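# A look at the structure
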Amino acid sequence: MSLLEVRGLRVTFGGRTAAVRGASLSVEKGETHCLVGESGCGKSVTALAVMNLLARGARREAEALSFAGQDLRHLSDREMSRLRGDRMAMIFQEPMTSLNPAYTIGSQMTEVLRRHRGAPRARAAERAAELLARVGITAPGMRLGQYPHQLSGGLRQRVMIAMALMCDPELLVADEPTTALDVTVQAQILRLLAGLQRDLGLGILLITHDLGIVARVADRVSVMYAGEVVESAPTAQLFAAPRHPYTRGLLRCVPVPGKVRRDEPLGSIPGVVPRIPPGFRGCAFRDRCPHAAPACAEAVPRQEAGPGHEFLCTLPPDWALRERAA
Amino acid sequence: MTAAIEVRGLRRVFRVRQGLFAPPRQVVAVDGVSFAVPAGSVLGVVGESGCGKSTLARLILGLLPPTEGEVLVDGRRLSEMDRRARARLIQPVFQDPFASLNPRRRVKDIVAMPLVAQGSVPAAEAARRVAEMLERVGLSQEQGERFPAQLSGGQRQRVAIARALVLRPRIVVCDEPTSALDVSVQAQILNLLAELRRDLGLTYLFISHNLAVVEHVASEVAVMYLGRIVERNESEALFRAPAHPYTRALLASVLTPEPGLGVPDVGLGDTLPDPANIPPGCRFHPRCPQAFGRCPAEAPAAWPAAGGGFAECHLLDPAAPGAAPREALRQEA
Ligand SMILES: Nc1ncnc2c1ncn2[C@@H]1O[C@H](COP(=O)(O)OP(=O)(O)OP(=O)(O)O)[C@@H](O)[C@H]1O
Ligand SMILES: Nc1ncnc2c1ncn2[C@@H]1O[C@H](COP(=O)(O)OP(=O)(O)OP(=O)(O)O)[C@@H](O)[C@H]1O
Ligand code: SF4
Ligand SMILES: [Mg+2]
Ligand SMILES: [Mg+2]
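Fair warning: this is a prediction, and the values are worked out from it, not measured in the lab.

Residues and elements named next belong to chain B. Under the criterion given, the structure shown has four cavities of 30 Å³ or more. In this structure, the second largest cavity encloses a volume near 70 Å³. Looking at the second largest cavity, it is lined by 14 residues, and the ones nearest its centre are Cys282, Cys288, Cys295, Cys313 and His314. Looking at side-chain class alone, the lining of the second largest cavity contains nine nonpolar, four polar and one charged residues.

For the magnesium ion (ligand 4), the full set of protein donor atoms is Ser44 of chain A (OG) and Gln93 of chain A (OE1), at a range of 2.0 to 2.3 Å. Here Ser44 of chain A, found in helix H1 (residues 43-51), pairs with Gln93 of chain A, found in the loop between strand E7 (88-91) and helix H3 (95-98); they are 49 residues apart in sequence, far enough to count as distant.

All names here are of chain A. When its domains are assigned, chain A resolves into domain 1 (4-77 + 170-189 + 197-280) and domain 2 (99-168). Computed over C-alpha atoms only, the centres of domain 1 and domain 2 are separated by 28 Å. Listed per partner, the contact involves 10 residues of domain 1 and 10 residues of domain 2. A buried area of about 740 Å², summed over both sides, lies between domain 1 and domain 2, and 66% of it is on carbon and sulfur atoms. Counting the contacts that link domain 1 with domain 2 gives one salt bridge. Here Asp199 ties to Arg134 by a salt bridge, and the two come within 3.9 Å at their closest N and O atoms. On inspection of domain 1 and its partner domain 2, the count reaches one residue pair in polar contact (both at pLDDT 80 or more). Counting residues per element, the side of domain 1 that touches domain 2 draws most heavily on helix H8 (residues 183-200), which supplies five residues. Taken together, the residues of the side of domain 1 that touches domain 2 break down into six nonpolar, one polar and three charged.

Residue and element names in this part refer to chain B. His244, Pro245, Cys282, Phe284, His285, Cys288, Gln290, Ala291, Cys295, Cys313, His314 and Leu315 make up every residue found near ligand 3. Judged by the proximity of its atoms to the pocket grid, ligand 3 belongs to the second largest cavity. The residue makeup of the shell around ligand 3, split by class, is eight nonpolar, four polar and no charged.

Turning next to the pattern of salt bridges. Residue and element names in this part refer to chain B. Going through the model one piece at a time under the given rule, you end up with 36 salt bridges over all chains. The partner of Arg283 in a salt bridge is Asp31, and the shortest N-O contact between them spans 3.0 Å. Taken as a pair, Arg283 in the loop between helix H10 (245-253) and strand E11 (302-304) and Asp31 in strand E2 (residues 25-37) lie far apart in primary sequence, 252 residues in all. Notably, a salt bridge pairs Arg77 with Glu80, separated by 3.8 Å at the nearest N-O pair. We classify Arg77 as partly exposed; its relative accessible area is 35%. Shared partners join several salt bridges into a network, and the residues in it are Glu6, Arg8, Glu70, Arg77 and Glu80.

It is worth spelling out the interface of chain B and chain A at this point. Chain B puts 44 residues into the contact, and the matching count from chain A is 44 residues. The junction of chain B with chain A conceals about 3500 Å² of combined surface from both sides, 60% of it contributed by carbon and sulfur atoms. In this structure, Arg191 of chain A and Asp265 of chain B form a salt bridge, with 3.9 Å as the shortest nitrogen-oxygen distance. Counting across the chain B and chain A interface gives 10 residue pairs in polar contact (both at pLDDT 80 or more). Taken together, the elements giving at least two residues each to the side of chain B that touches chain A come down to helix H7 (183-200), helix H8 (211-217) and H10 of chain B. When residues in the side of chain B that touches chain A are grouped by element, the largest group, 10 residues, is from H7 of chain B.

For the rest of this paragraph, the subject is H7 of chain B. All names here are of chain B. Taking 1.5 Å per residue as the helical rise, H7 with its 18 residues ought to reach 26 Å, and the 25 Å between its terminal C-alpha atoms agrees with that figure. Most of H7 sits inside the fold, with 13 of its 18 residues counted as buried. At the exit of H7 stands Gly201, carrying a positive phi of roughly 65°.

All names here are of chain A. Across the sheet, eight strands lie side by side as E7-E8-E9-E3-E10-E11-E13-E12; this open sheet has mixed pairing. Edge positions in the sheet fall to E7 and strand E12 (302-306), since each has one partner strand and no second. When the angles between neighbouring strand axes are averaged without regard to direction, this sheet yields 20°. By the bridge criterion, two bridges tie strand E11 (residues 228-234) to strand E13 (residues 309-312) in an arrangement that is antiparallel. Paired with Glu231 across the strands is Phe311, a residue of E13. Along the sheet face, helix H11 (residues 245-253) touches strand E10 (220-225) and E11 and points at about 105° away from the line of E10.

Residues and elements named next belong to chain A. The local shell around ligand 1 consists of Phe13, Ala19, Glu38, Ser39, Gly40, Cys41, Gly42, Lys43, Ser44, Val45, Ala55 and Gln93. Interatomic distance of 3.3 Å between a backbone N/O atom of Cys41 and an oxygen atom of ligand 1. In the model, an oxygen atom of ligand 1 is placed 3.0 Å from a nitrogen or oxygen of the Gln93 side chain. Computed on the free molecule, ligand 1 has an accessible area of 640 Å², of which 61% lies beneath the protein chains in the complex. In terms of residue count, the dominant contributor to the shell around ligand 1 is H1 (three residues).

Here we take up the sheet that holds strand E5 (residues 76-77) of chain B. Taken in spatial order, the four strands line up as E2-E1-E4-E5 (chain B) in an open sheet, and their pairing is antiparallel. The two strands at the open ends of the sheet, each matched to only one other strand, are E2 and E5 of chain B.

What follows is about the pairing of strand E5 (residues 64-67) of chain A. All names here are of chain A. Side-chain alternation along E5 places Ala64 and Ser66 on one buried face and Leu65 and Phe67 on a second face that is also buried. Relative to E5, strand E1 (residues 4-13) is paired through four bridges, and the arrangement is antiparallel. Its bridge partner lying in E5, Arg7 is registered against Ala64. Here E5 runs beside strand E6 (residues 70-71); their pairing, made up of two bridges, is antiparallel. The partner of Ser66 across the bridge, within E6, is Asp71. Linking E5 to E6, which pair antiparallel, is a turn of two residues; within it Ala68 sits at a positive phi near 45°.

What counts as what
Residues numbered from 1 in each chain as written. Chains lettered and ligands numbered in written order. Predicted model: local features only at pLDDT ≥ 70, side-chain atom pairs only at ≥ 80, totals over all residues. Heavy atoms only, no water. 1 Å grid on protein atoms, 1.4 Å probe; cavity = no way out; pocket = protein on both sides within 12 Å on 5 of 7 lines; lining within 4 Å. Points joined across faces, edges and corners; volume = space filled by probe spheres on them. Nonpolar A, V, L, I, M, F, W, Y, C, P; charged D, E, K, R; others polar. Donors = N, O, S within 2.8 Å, 3.2 Å for Na, K, Ca; no water. Helix = DSSP H or I, 4+ residues; strand = E, 2+ residues; numbered from the N terminus. Domains from an automatic or database assignment. Contact = heavy atoms within 4.5 Å. Buried area = accessible area lost by both parts, 1.4 Å probe. Salt bridge = Lys/Arg side-chain N within 4 Å of Asp/Glu carboxyl O. Polar contact = N/O pair within 3.5 Å; in protein donor to acceptor, adjacent residues only side chain to side chain. Near = heavy atom within 4 Å. Sits in = over half its atoms within 2 Å of the grid points. Buried < 20%, exposed > 50% of the residue type's maximum accessible area, 1.4 Å probe, protein only. Expected span 1.5 Å × (residues − 1). Pairing = 2+ DSSP bridges. Axes fitted to C-alpha atoms, helices over the stretch in contact; angles between N-to-C directions. Areas by Shrake-Rupley, 256 points an atom, 1.4 Å probe, with all protein chains shown as cover.

Written out as structure tokens, the structure is:
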């Protein structure tokens, strides 16, 4: 049984935009699963759908959506909010959306523990200070008394991370948790998450568009394009033998020191992510794909390219190997 | 040959009010910066958030007056040039293409703005140059008729680049030009900037916190820390053998897309620098994993580093007691 199981997730807004179109993914205990893809492809909506935090007017459907064996589809709002912040926690892309400007950091952090665990105030404050120190905040006692606007962006982001960890969650959904941070601080936070994972068996769904982070921390990667998971594989496998043309294009766009020389152009993917009209059929990448064929406008098969390695494309699983041999 | 950009002893102080009664804090955003950028080259500027990169860019563009020091562009003092002459010589491309484009104007009018501001370019000539520039950056005539909100992030950055180049400047200051973009779009924009530089013989000051990007585009790199350039060198030498402990920590923090390597511990601790409270001696010493007795007491000189550059670190002083020999430095790197 997976810690988190998502199968055939669809999210539509006002019946018109399909933001997520049948995405599937799972997170195991102690595993980091990275979700990558271009801006607007549906990463945040997928995360919000899992946490049942979608905006009003959004419609969520799934063939399966479960956490630790519990079906999340039919939970009431109350049952869901009891899980949220407790056994499953989320770090949002925009820290200010989840920090209340009117309350101190300390009262917001302790509130989480008091609500879910009924912990006494002093015990909760102790825990909050301990976690602030763990995310690398010096003088945590002083920070607890400050308001969100008194902190720099980097500090706020770290407070968010500490707050998500208050109840020792089993699952952490982290939406671009380090994007706003300096590389040195980013490295520190990612090491912290890896440590928690080792110590507590935390499962992490990590959303990022940074392929460097993916390579370094993910056990498994899912690549999203226009609301679909177009490829999913164990990390080493994805980087060594990507099968979907979009994944291959994406990997070529990143400057890797020592690989691409100065004055040599980087690989790039021409064009932009298309708008997907209702009733769209076929591969959403076909307008930008160098391998597009008439069959790509029909139903596209989900294929196996090895153990735990799936991709959504009409090309045969060994196409890349054949191309190289030719 | 005169340098395209030369700055001498540049310093910029901000006074930040803290409240009604508290004395204002002094933030030294740029502190004694000097360098020259030869025409046709790319100087990359890297460093952590708040180290003064954007302030340096605004000083060089003449958008902000220096507290001390001077800026020379193409051999002429910036302070003695009028706004129009400056615009013909040096232009900016900023990070957020959306914030810097007027949402109520069509793309072609946005690109024409610098020409109009010159006041001396006939309308037909301006329209011709705008059309030429749009094509050059890969935008269609039809896209020229649109408003910024009707374009993608990458297309908007193309508009910003077209606007920067329409006066045919010699120098372009790029402040995080691809930081708001997806990697696939970032690659398109970096390729475009490289192509334009080659074809038009431009000089770039290229600011980014993404070291892999800087390594790809820059011929020379300056590393800033709390307002100072603490190391500068030819790009290849700097990335191969960084001499300053801060540069080394920064490079070690870069997560290249190589699976299996994990996330390194760069040993900087967690005391983040405060630009209103610059440490005495070497400004990096509270975070430096190699600091020794002399570091908090004395500001390091700019010692030569292999490759022709320099680094401001006591470890490079051949006479420093307690300093590790240079061989040891290189081994660790
Ligand atoms: N509340 C909403 N109402 C209507 N459309 C929405 C809403 N929220 C998101 N969308 C749309 O859903 C799609 C997916 O958005 P999402 O925020 O998941 O993208 P993302 O992959 O997280 O992108 P980014 O990398 O920019 O954060 C987008 O086209 C977006 O415009
Ligand atoms: N107009 C201003 N008034 C007061 N302080 C300022 C002003 N502009 C910049 N600063 C301060 O000067 C320092 C340098 O800021 P700057 O924007 O140059 O940094 P940066 O290196 O560009 O950072 P980032 O990577 O976050 O863009 C910071 O401490 C900043 O808060
Ligand atoms: S001078 Fe000292 S503190 Fe500064 S970087 Fe060198 S070793 Fe570190
Ligand atoms: Mg998002
Ligand atoms: Mg800046």
